[in-house]
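Coordinate inspection notes
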Amino acid sequence: MSKPRIYMHDVAPRDGFQNENVFISTDDKVAIIDALSECGFAKIEATSFTSPKAIPALRDAEEVMHRIKRQPGVEYTVLIPNARGAERALSCGIDEANLVMSVSETHNQANLRMTRDQSANQLSQIIETLADSSVAVNVSLSTAFGCPMEGNIAESEVLRLVEHFARQNVKRISLCDTTGMAYPSQVRHIARMAKASFPKVTFTFHFHNTRGLAQSNVLAAIDAGIDRFDASLGGLGGCPYAPGASGNACTEEVVHMLELEGFNTGVDLQKLVAVAARLPALVEHDIPSQILKAGHRLTKHPAPANAQSMGKAA
Ligand code: COA
Ligand code: ZN
């Protein structure tokens, strides 16, 4: 029997690099994306077309998109917050437009400087423009599992926004746990409700590991039938406009776990870890990845010297 397939999207070039203090050079961004393209991802979120004042780290979005090598079979998506962003992205030959807004009114205003209604209207216009194009549309709903400023987010609000976009024939929606507030029973419940209410929508779940629950949340979502996940190389990530935000679910940790659990992620873990190993020098700090530190569970270590001499004596 073939292993159940889980589709992995790496978002480090967007969610990860947007939150770094050092400016990662365009050459380095392109090199990391090209290396990720060789690892077997279903999708790579390569950059965002946001205001360079809001997200200076990704001010080179056009150049990045023009210079990366497109790998057949990999979808290249970009985050877009408004009509201006869509215009810029469309000049770069994207496969998917990842339109973003928040379920939380407060986070939407902090992050996008618009009310949720204004965001929903702008995104609707973009969706209309793209309806007859070959560019796919994904809508990412931030703070779907909790907001660092408002606290709990009503599930009915999440489903209301999913319905708003599903009515416009959007077929791809990501539910994003922007600051790691999700927990497994909540994830299972929302996933079941979302899938049952919107059977034609393909959902992606996007977790951050702010409270150490990202891996458990991935397993809970799979329990409820979700098969697509965003995760970030090295565990980088975080929204600069969400207080307390920190790194995404770490891609190599998720892949390591899912392969052990009998899933086929399509991702080559060894190649992936080699790419992650390049990050600390680029971002100029240690990175969260436990797999980069510890290796695969079957990584063998030499026995300590005293164990060897005991063996000889016996
Ligand atoms: N790309 C480039 N420039 C943009 C832009 C975009 N997508 N959207 C707006 N601008 C420019 C405008 O042209 C204008 O330029 P000017 O000052 O030279 O005239 C300026 O930014 C202000 O435009 P305005 O429409 O008033 O935008 P704003 O300042 O209210 O910012 C957003 C709104 C959405 C563009 C901004 O908040 C943003 O980019 N947020 C993204 C945050 C993010 O990515 N968070 C992490 C991911 S969840
Ligand atoms: Zn995120």
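This write-up is about the structure you can find in this document. Note that this is a predicted model, so its numbers are computed, not measured. (Residues numbered from 1 in each chain as written. Chains lettered and ligands numbered in written order. Predicted model: local features only at pLDDT ≥ 70, side-chain atom pairs only at ≥ 80, totals over all residues. Heavy atoms only, no water.)

Okay, the pattern of salt bridges next. The full count for this structure, using the stated rule, is 16 salt bridges. Across the pair Glu157 and Arg160 runs a salt bridge, and its minimum N-O distance is 3.1 Å. One end of the pair is Glu157 and the other is Arg160, both in helix H7 (residues 155–167) and three residues apart, which spans about a single turn. Taken together, the shared-partner salt bridges connect Lys43, Glu75, Glu96 and Arg172 into one network. (Salt bridge = Lys/Arg side-chain N within 4 Å of Asp/Glu carboxyl O. Helix = DSSP H or I, 4+ residues; strand = E, 2+ residues; numbered from the N terminus.)

On to the nonpolar core, then. If you look at the biggest cluster of nonpolar residues, it comprises 94 residues, and the most contacted ones within it are Leu175, Phe205 and Phe207. If we ignore the near neighbours within four places in the chain, the residues touching Phe205 are Phe145, Leu175, Val187, Ala191, Ala221, Ile226, Arg228, Phe229 and Asp230. (Core = buried A, V, L, I, M, F, W, Y, C linked by side-chain atoms within 4.5 Å. Buried < 20%, exposed > 50% of the residue type's maximum accessible area, 1.4 Å probe, protein only. Contact = heavy atoms within 4.5 Å.)

Quick look at the side chain of Thr77 now. Tracing the backbone shows Thr77 in strand S3 (residues 75–80). Once residues lying within four places of it in the same chain are set aside, the contact partners of Thr77 are Lys43, Ile44, Glu45, Ala46, Thr47, Glu96, Ala97 and Asn98.

We now examine the layout of surface pockets. Empty space within the largest pocket amounts to approximately 460 Å³. For the largest pocket, the lining is made up of 31 residues, of which Thr50, Leu79, Val100, Asn111 and Leu112 are closest to its centre. Broken down by secondary-structure element, the contributors of at least two residues to the lining of the largest pocket are helix H1 (12–16), helix H4 (83–90), strand S4 (96–102), helix H5 (105–112) and strand S5 (136–142). For the lining of the largest pocket, the element with the most residues is H5, which contributes four residues. Residues of the lining of the largest pocket, tallied by class, amount to 13 nonpolar, 13 polar and five charged. Quantified by volume, the second largest pocket comes out at close to 210 Å³. Broken down by secondary-structure element, the contributors of at least two residues to the lining of the second largest pocket are helix H6 (116–130) and S5. Class assignment of the residues belonging to the lining of the second largest pocket gives a composition of seven nonpolar, three polar and two charged. (1 Å grid on protein atoms, 1.4 Å probe; cavity = no way out; pocket = protein on both sides within 12 Å on 5 of 7 lines; lining within 4 Å. Points joined across faces, edges and corners; volume = space filled by probe spheres on them. Nonpolar A, V, L, I, M, F, W, Y, C, P; charged D, E, K, R; others polar.)

With four of five residues buried, strand S6 (residues 172–176) is to be regarded as a mostly interior element. The pairing of S5 with S6 spans four bridges and is parallel. Looking at S6, one finds that Val139 is bridged to Ile173. Regarding the hand of the β-α-β motif, the stretch spanning S5, H7 and S6 is right-handed. Here S6 runs beside strand S7 (residues 202–206); their pairing, made up of five bridges, is parallel. (Pairing = 2+ DSSP bridges. Right-handed = clockwise from strand over helix to strand, strands pointing away.)

Right, let's talk about the side chain of Thr47 for a bit. Residue placement: Thr47 occurs in strand S2 (residues 43–48). Ignoring anything within four residues of it in the chain, the contact list for Thr47 reads Pro13, Arg14, Leu58, Ala61, Met65, Thr77, Val78 and Leu79.

Below, the discussion takes up H5. Every buried residue belonging to H5 is among His107, Asn108, Asn111 and Leu112, and all of these are buried. Down the axis of H5, the sector holding all buried residues measures 105°, keeping them to one side. Capping the start of H5, Ser104 holds a side-chain oxygen 3.3 Å from the backbone nitrogen of Thr106, two or three residues further along. One or two steps after H5, the chain reaches Arg113, where phi turns positive at roughly 55°. (Arc of directions from axis to C-beta. Polar contact = N/O pair within 3.5 Å; in protein donor to acceptor, adjacent residues only side chain to side chain.)

Before going further, it helps to examine empty space enclosed by the protein. In the structure shown here, the tally under the stated rule is one cavity of 30 Å³ or more. The calculated volume of the largest cavity comes to roughly 60 Å³. Lining the largest cavity, in full, are His9, Val11, Lys43, Ile44, Glu45, Thr77, Glu96, Asn98, Asn138, Ser140, Ser174 and Asp230. When contributions to the lining of the largest cavity are tallied by element, the ones reaching two or more residues are S2, S4 and S5. Looking at which element gives the most residues to the lining of the largest cavity, the answer is S2, with three residues. Considered class by class, the residues forming the lining of the largest cavity number two nonpolar, six polar and four charged.

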